[in-house]
Each structure stands twice: as structure tokens, then as C-alpha cells.
Amino acid sequence: MGQIAPIPRLNRLAYGGDYNPEQWPPEVWAEDLALMRAAGVNLVSVGIFSWALLEPAPGEFDFGWLDEVLDLLHDGGIRVDLATPTAVPPAWFRRAHPEARLVDHTGTILGGGGRQSFCPSSPAYARAATRITEAIATRYADHPALVLWHVHNEYGGVNALCYCPASTRAFRDWLRERYADDLAALNTAWGTSFWGQRYGDWAEIESPTTGPTTVNPAQELDFLRFSSDAHLANFRRERDILRRHTPDVPVTTNFMLANCKTLDYWRWAREVDVVANDHYLQAERADNFIELAMCADLTRSVATGRPWLLMEHSTSAVNWQPRNVAKRPGELARNSLSHVARGAESVLFFQWRAARFGAEKFHSAMLPHGGTATRIWREVVRLGADALPRLDELRGTTVVTDAAILWDWQSWWALELAWRPSVDLDYRDRVEAYYERLWRDRLTVDFAHPEQPLDRYPLVVVPSLYLTTSAAADNLHRYVDRGGTLLVSYFSGIVDAADTVHPGAHPGALRELLGLTVDEFLPLRAGETTRLDGGLVGDVWAEAIDLAGAESVLGYVDGPAAGRPAITRHTVGAGTAWYISTRLDAAALAPILTQVYAEADLAPPAGVPDGVELVRRAGATADYLIAINHTGDDTVLPATGVELITGVSCAGAVAMPAGEVRVVRLDRPT
Ligand code: GLA
């Protein structure tokens, strides 16, 4: 484990957020600056929704206010992540280009007055976005405050899929490329001999709008791939303009891992200079910090272990969940530092100052409506001005991970298309259950693409990888054969990239590796459970398994698969492949995972109370233990070194007060 290169042009952990000065009279800007400095803010994202102000009429620009803001920030020592404002085209664009409006799957043209209400495949949008991007890049290329480009905002957030005529034309072009202009290849891949759908001309192909019955799932799947790529083309266009003007300024865009289903971020992450993520807590969930950790780990993983930016999260409540539960005292710091522990080199918020008008006026901010006399402001200052500067030495160190969980957007899309064996099949549910088990056992997880090398992980978990390519199956086989421990959940290995069932019995692609066949899927009724040996209880799913080399570890006691194996284990080469054929929650997974860890030679840290999060970091000169106490009880953890937030040395034990975070630079044995 060694040092990794920190993010260029950021010389500290970044602190700040979206700054929208155009929503405030200029008299407020000086106060903003003073308060930003008091809070330790050193980076703000500017101009994200300002296209209509910067280009008030087609081709007419007004940069006066932005010049002033950037100069002010620079004079105040605050760096700028400057946006291309292309997420909201001006009203004049909508009026001039009705053909560029977003159309949903029912054919309804969606209205304006909000944001991202445009077709991602619109040529007029591409031209207009190019013009404003060129203008901004030209004007600010040499501005000394500029350290990062923020392209657009949350691609695909609300306009992921468009079904207008321009989108359909672009879809056909995309298909011609995918199938190398070979319509017969498309007919085969889409299985168009089913329901008489054969295409004799590319022009006959439509977008999968709402029909009287379900649409060809392979067509749906390709449309999802196309849509992710359509947004990516828009990103690339702007990125390339910016790179031409400022080859040394990194370019990013804010992702929404793992809550955006519609973009294939494995593909996207390769295209950005720095991976950046927005994460909003699922506030009503009691254990929402586990979901946060999962998203942070997924972000680091798509960044291939390199440092990443937390571009947005909230100081307290958001305004768009059904019940916007406020964060409790200390939660802001715990959330922020969990992201930092897992590789973020920034703590940035939406947004700096709470908005008085518009749709987000009830969204929390760094500076609330109540100003500096508020709890949130005090916590913002404590974190940014006090704690974070003491943690700078974490930059460039690596997160120590224990296991991998496979993650694949395309498999997620395919698994949740219409007419699957049960509506209760849920990709994220399985990922989260396995992630939660490992989190509670204090094992740190990387997410991995099914086709990437896996040898460095003693354990790889495969939660419902319904779409498994032959390359992925071979990869998993090789991994086990060489000594890996693999744990596969039900409904994996079923179809190929075209949503065609692998030949023979389920689970086709993984049948040999798992040493079994599934005679029949046995989905359970709503609320029905099935008991397993050892008192475990599953729901949602069961299978009639025939062993073909594997051994049964636990069987079904009742339910439709009574008397047959439920959990199996198969030795292949130097490794083992486990299979769990029913839905177990994180608690029920515990006894099985204990056996799996032993097989993988993994030893979860013992004696740590449930609800205390641990992450280890390794650097060239020091290692670190980051501990976050999500419980209401004080505790003590074994550690020897210096606690960085309090500056206190600890010999053998570090005190962990309820709700606090501790970061220990560990003494290395001499
Ligand atoms: C997203 C957007 C922001 C803001 C926040 C509110 O992340 O990028 O502009 O709307 O949500 O939570």
C-alpha cells in the first residue's frame, strides 16, 4: 500500500459547496466571503444554473456579474469549480426550439419551468451548449481562481430517457453502430422472431414507448444503453472544448452513485479527470449511514481507487423526500467524515446559502435562513475551520479493503425489466443486504465490475447478477479456480448481454462453477416465508436445486422447495463457490458469512460495538484508523498513536464518545 496522487490543483481537503450568488443582491456577496472564510471554505461551485443570465439572448453574453464574483472569490482565497450551465437551457431556447423538448414514454411533451427539460439527443441543444461552453471557456481559461470544471449538473437526473423523434433517430444511429450496420445481427440479438417483430429496415425501429403490452426486453435494454451514451456524448462534447482551452484544469461532472439507475457509471468514470459524487441521505432510514458508506465505496470503486470529490450532500434536511428529517447534532460531521474515510478529498454541500425563493427554499444549507445564530452554522464552522484542516494528511493515502461486491448497471437494468419471475426481485435490495452484512462485520468493500480482475480479493460477493456475460462467467471461474472464495446470490447467471437465457438449465452462465442446476424457480407469495435448517428464514424466492458437484450446506425445511438444498458450496480448483438461493436479510446472513469468511481467511475485527464504523487507510509514511460512533453510547477502541481531531495521544485505547469521529495516526511497530 502506498501513496496515490492527490487531485491536481487542490492542495487541501476541499470544503464548501454550490454557490449561487446570482440569486442574491451584490451587497450580500461581501458577507458571503467573510463567512466562507470563517467556516474554512476553500472551494465553491459557481454558475451551475446561470445560462439564462450569461446568455440572455441567443449569442449575446453578459459576464459582468460572474467576472465580479470570480474576482471576489479569488481575492478572498477561495478556489472555484466553474460550471458549464447546460443543465437548464434558457427560456428563449425552449421557445425557439419546440422540437428539443423532452418527451416521456407515453408520448407526453414535458413542460419547462423546472430544470433539465430538454432532449439529450437534440441537435439544437448540442449547438447551443457548445456555444455557451466555448464562451465560458474562452473567458475564464486564465482566471486564477479556476481549479476545476464542473460540466452540467447531474446528467440524466430528470431527463434520462427521451422518446421524441430526434431521440428515436439517434437511437437508430446508435444501433447501427452497435450492430455494425447489420440488421440481421440486431434481429438475432433482439429475438425478433418472437411476436413477429422482425425488422426489414432500420427506419422501422422505434423507441420503446408505452404499448398495449410489454415491449421487447432486449430493445428496452439497448435503449437504456443508448440513453446513457447519449448523455455521455453531451458530456464529452463539453469536456473536449474545456480541455482544448485549459489542458491543465481537470474536468468533472457530478454523478449520483448509487441512486441513479440510468447511467452506466463504469463507462462514465473513464471519461472524467476526477470522479465527483452527490449523495443525499435517505433521511428516514434509521441505518442510513450504511447506505451512505455503500455509495461512498461505490464512488471510490468507479474511480478505480483514486481520490474522488464529494460534490454535494446536505448539512441537514433536504426538501424533496416525503418527510425531510433533519440531521441530529453531530450527524453532519459523521456523514461528511464517512465520505472522507472512504476516499473523498472534499466535503462540499448543496448549497452555501439557503435560498429564499424557488423550489429549494426548505433545503438546508451551510448558512441557514437563520444565519450564524444556528446550530447548523456552528457545526459547519466546527467541521470546516477546525476538524477538516487537521485531516489533510489523509490525502493521497489509500483505503484498505477486504472484499469485493460485484456491481453492474446493465444487469440492474435487465433484472428489473417487465415480466420477470417475481416483482419482488430487487437488485439494490440484494446489494444492500450483503453490503450491510459486511459493513456490520467491519469489512471494507470495493465494488467491482464483473469482468475486471478480482485476484486481489479473498472474497467476492455476487448479489443477483441476472445478466452475466460469458466473459464475466469466465472471470469468476478463473477467480475461484485460483483460490478465491465466491458467494453468489439467487437469480445470477441467467441471461447474456441481449437478455437471452444462457443455453440449458439455470443458472446457465454459472451452472458449472456453482456445481448445481435449478430445476425450477419457486418465487414465494407476498409475505410468505420459507424456513431453512438452523432456524434461518427466507422470503421472496426459493429454487428447486439439483446438486451437480456442490454439497448442500443448509436445506429448505418447508415451503415449495422443502427437503432440497437452499445454500450450497462447491470446490473448484483451489477455491470455493457458495450459493444462496433465497432472500435472507443481513441478520440472517450472519451465520453463513461467518463460515464464508473463515474459508476466505478473513478475520473481521472483534469486540467493536454494533454501529461503530471503522475504516483503515494506508500511506507511505503512516497508517490510519478512522472510527465513527453512530451509537448513543461512549465506547473505547484499541489503538496506539495520535488522534488527529483532538490532538491527544493514545496508548492502547482511544476513547470514542457517543456520536463522535476519531482519526488515529497509528504508530508503526518499530
Ligand atoms: C441535486 C442537485 C442540486 C440540488 C440538490 C438538492 O443534487 O444537483 O442542484 O437540487 O439536488 O438536494
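Above this note sits the structure.
Note that the structure is a prediction, hence the values are computed from the model and not measured.

Thresholds, definitions, all that
Residues numbered from 1 in each chain as written. Predicted model: local features only at pLDDT ≥ 70, side-chain atom pairs only at ≥ 80, totals over all residues. Heavy atoms only, no water. Salt bridge = Lys/Arg side-chain N within 4 Å of Asp/Glu carboxyl O. Helix = DSSP H or I, 4+ residues; strand = E, 2+ residues; numbered from the N terminus. Buried < 20%, exposed > 50% of the residue type's maximum accessible area, 1.4 Å probe, protein only. Phe/Tyr/Trp six-rings, centres within 6.5 Å; stacked < 30°, edge-to-face > 60°. Lys NZ or Arg CZ within 6 Å of the ring centre and 35° of its normal. Near = heavy atom within 4 Å. Polar contact = N/O pair within 3.5 Å; in protein donor to acceptor, adjacent residues only side chain to side chain. Nonpolar A, V, L, I, M, F, W, Y, C, P; charged D, E, K, R; others polar. Pairing = 2+ DSSP bridges. Axes fitted to C-alpha atoms, helices over the stretch in contact; angles between N-to-C directions. Contact = heavy atoms within 4.5 Å. Expected span 1.5 Å × (residues − 1).

## Overview of the pattern of salt bridges
This structure, assessed with the given rule, holds 45 salt bridges. Arg239 is the salt-bridge partner of Glu271, the closest N and O atoms lying 2.8 Å from each other. With Glu271 in the loop between α9 (265-269) and β7 (276-278) and Arg239 in helix α8 (residues 217-245), this pair connects stretches of sequence that are 32 residues apart. For Arg239, a relative accessible area of 7% corresponds to the buried category. Arg390 is the salt-bridge partner of Asp386, the closest N and O atoms lying 3.1 Å from each other. Taking relative accessible area as the criterion, Asp386 reaches 35% and is therefore assigned partly exposed. The class for Arg390 is partly exposed, based on a relative accessible area of 38%.

## Things to note about the packing of aromatic side chains
Applying the stated criterion to the full structure yields 37 aromatic pairs. Judged by centre distance (5.7 Å) and plane angle (80 degrees), the rings of Tyr280 and Trp320 are edge-to-face. Taken together, the residues span a long stretch of sequence, with Tyr280 in the loop between β7 and α10 (288-302) and Trp320 in the loop between β8 (309-312) and α11 (331-341) at a distance of 40 residues. Since its relative accessible area comes to 11%, Tyr280 is described here as buried. Under the relative-accessibility criterion, Trp320 is labelled partly exposed at 48%. Each member of the aromatic cluster is reached from another via a ring pair, and the members are Tyr155, Phe235, Phe255, Tyr265, Trp266, Trp268, Trp407, Trp409, Trp412, Tyr427, Tyr435 and Phe447. Taking the ring centre of Trp24 as reference, the NZ or CZ of Arg353 above it sits at 5.1 Å.

## Notes on the site of the ligand
Every residue close to the ligand is listed here: Phe49, Arg115, Asn153, Glu154, Asp278, Tyr280, Glu312, Trp320, Phe350, Glu360 and His363. In the model, an oxygen atom of the ligand is placed 3.1 Å from a nitrogen or oxygen of the Arg115 side chain. One of the side-chain N or O atoms of Glu312 is found 2.4 Å from an oxygen atom in the ligand. Looking at the shell around the ligand residue by residue, the classes come out as 4 nonpolar, 2 polar and 5 charged.

## Observations concerning the sheet that holds strand β13 (residues 459-462)
Pairing in this open sheet of 7 strands is mixed, and the strands run β12-β11-β13-β14-β21-β20-β19 from one edge to the other. In this open sheet, the two strands that pair with only one neighbour each are β12 (445-448) and β19 (551-555). Averaged over all adjacent pairs, the angle separating strand axes in this sheet is 20 degrees, with direction ignored. As paired strands, strand β11 (residues 403-406) and β12 are joined by 4 bridges and run parallel to one another. Bridged to Ala403 within β12 is Val445. Taken strand by strand, helix α17 (residues 586-599) contacts β13, β14 (485-489), β19, β20 (565-572) and β21 (575-580), and its axis lies near 170 degrees from that of β21.

## Observations concerning α10
With 15 residues, α10 extends 21 Å from end C-alpha to end C-alpha; this agrees with the ideal 21 Å at 1.5 Å per step. Along α10, 15 of the 15 residues are buried, which leaves the element largely enclosed by surrounding structure. Remark: Thr304 follows α10 within two positions and exhibits a positive phi of approximately 50 degrees.

All we've got here are geometric facts, nothing functional implied.
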